[in-house]
Amino acid sequence: RLVQQRRMFRNLPGPPHHAIWGHFLVMRDIASSLPPDATPQLFAHLMRERYGLGDFFYLDLWPLAPPQLVIVQPELAMQVVQKMNLPKESAVMRKWTGHILGEKSMVTANGHDWLVSRKSFTPGFQPRKVLQHVPGIVDDVLDFCDVLRDHAVKQDIFGMEDVCARMIFNISARAILGIKCNAQRNDDEFLELFRAQASLAPQDFWSRYLYDISLRRQYQKWKNGRALDRYVGRLVDDRIINGPIEKNMNHAIDDAISFNNRNKNMDTGTRDMLIASVKTLIFAGHDTSASTLCYTYAALSKHPHILQRVREEHDTLFGSDPATAASTLREHPHLTNNLHYTLAVIKEALRLWPPTGVSLRAGQPTQTLKTADGTQWPTYPFAVLVNNCATMRREDLFKDAERFYPERHLVTDPQDPYFVPKDAWRPFEKGPRACLGQSLALLQLKIILVLTLRGFDFETVYEDGSFMYQVLDVTAKPSQGLPTRVSLR
Ligand code: HEM
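Note that the coordinates shown come from a computational prediction; the quantities given were computed from them, not determined experimentally.

**Some details on the packing of helix α14 (residues 304–318) against helix α16 (residues 340–352)**
Stage number 1. Here α14 crosses α16 at 145°, and the two axes come no closer than 8 Å. For the pair formed by α14 and α16, the contact residues are Ile306, Arg309, Val310, Glu313 and His314 on the first element and His340, Tyr341, Thr342 and Val345 on the second.
Stage number 2. Here the contact of α14 with α16 is composed, by residue class, of four nonpolar, three polar and two charged.

**Considerations on the packing of helix α10 (residues 189–198) against helix α11 (residues 215–242)**
Stage number 1. Between α10 and α11, the least distance of the axes is 9 Å, while the angle of their chain directions is 150°. Looking at the two axes, α10 sits roughly antiparallel to α11. The handedness of the crossing between α10 and α11 comes out as left-handed. Between α10 and α11, the contacting residues are Glu189, Phe190, Leu193, Phe194, Ala196 and Gln197 on the first element and Gln220, Lys221, Asn224, Gly225, Ala227, Leu228, Tyr231, Val232 and Leu235 on the second.
Stage number 2. A per-class count over the contact of α10 with α11 returns nine nonpolar, four polar and two charged.

**What about the site of the ligand?**
Stage number 1. What surrounds the ligand is a group of 27 residues, the closest being Trp114, Arg118, Ser359, Arg433 and Cys435.
Stage number 2. Contacts to the ligand include Ser359, whose side-chain N or O atom sits 2.6 Å from an oxygen atom.
Stage number 3. At the level of elements, α6 (111–121), α13 (268–302) and α18 (438–452) are the ones that each hand at least two residues to the shell around the ligand.
Stage number 4. Its residues assigned to classes, the shell around the ligand shows 16 nonpolar, seven polar and four charged.

Conventions we followed
Residues numbered from 1 in each chain as written. Predicted model: local features only at pLDDT ≥ 70, side-chain atom pairs only at ≥ 80, totals over all residues. Heavy atoms only, no water. Axes fitted to C-alpha atoms, helices over the stretch in contact; angles between N-to-C directions. Helix = DSSP H or I, 4+ residues; strand = E, 2+ residues; numbered from the N terminus. Contact = heavy atoms within 4.5 Å. Nonpolar A, V, L, I, M, F, W, Y, C, P; charged D, E, K, R; others polar. Parallel < 35°, antiparallel > 145°, perpendicular 65-115°, else oblique. Left-handed = near helix turned anticlockwise from the far one by under 90°. Near = heavy atom within 4 Å. Polar contact = N/O pair within 3.5 Å; in protein donor to acceptor, adjacent residues only side chain to side chain.

Spelled out as structure tokens, the structure:
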């Protein structure tokens, strides 16, 4: 079997291949150049640089991981996620998210299961609907400002990721279910149930692929999972029976129930889908958005001239008194569409530090990757890793790729060296499986920046020679939770 596996890679492009070890030695070298808890989504970028690899390459990591085809170029990525629309590599993905999001989660499902959940929840995420949540988002951000104010008075160093995640958890629960959680000030039961499950996810690259043989952990996952499902199940059942909780306002769950004909005797399959989707939306939404906010604060604290330009945009749109911005936002939510530079800053943070920088697909015997010279390359029997993290760090696609330069996202002239090529910026992925919550994510991030940047100065405080990098913690999060000090301006 070993010989057969290793031979498969003989004529395939990739880094130096060893007849016995396959690509393990290469992986070990790349991994050892990073801190041990660093997210592996950066490996492909480093490997490409070190071995001069091209737009795609193959990796032989059998028997610990499935053989892999890694894509690091926009046009080839679009072949995989749009043209072929390869199915998700569900079995592998469920090993690290299944116990949190459920086996039927929209993120990992394929075929009919995916289609039903995606169609059910799409209405709740239309940009017009999302804009209705602005007043609620503003309320949660004002609570966040109170939390920051307390830290500013104490002048302590705190984990920014935790406080951001708590705020965005509240926003997500409000937008999806219309309920008010209290995660910012207290240990909210709903959030704690998620956190208990997330803490049981594999914390390093290899354990994503290995079977979890700890019976104790299996039992904990089962027990926590049952408690979480019961909690969400109660919320969903209440809505199936009683309908929306606010007059004139449907939340995503209400639209999903209407889509499924609001049948009071809803079948258990549909109920299970609703529970898995609510868990997915709230978890996927709060976790990734909180990290993005952290990366944005960290970048702005290092680039005062960019911060100044963002603040000027906020002054121009919302007046020079930051205290009036909340009411202006509540009354004119569409003003968020004019925050062009703020959006460019968020996009640049997402380019350099995408929280989910890889889309994992299953190659198919009938599907091949076609390169510009007409050659066809197999996608089967490989796990296809569309590595957007590596694509977005390519110097030939993003001039001065390592530089935090938001202005590139405002360039419209294709001749300009900073012009962002088509489909090259892809932190939300593209195609039918692109992020469902993209418009909500960007809206809430813009509002948070408007309401915080003019009131506070942010300073990231890594000590003892450490620095910010992305760690693997279900998604890619800032190392040490982004130690931060804030001051009142
Ligand atoms: C900055 C924040 C966010 C980022 C960077 C992000 C990124 C992504 C990416 C890359 C995918 C594709 C994953 C894959 O191909 O395996 C995805 C899928 C998804 N995201 Fe997001 N996301 C964000 C926020 C949100 C929010 C706020 C929600 C909902 C409230 C959400 C819900 C989803 C769902 C449901 C999917 C699965 C879509 C499908 O498979 O049809 N995300 N997200």
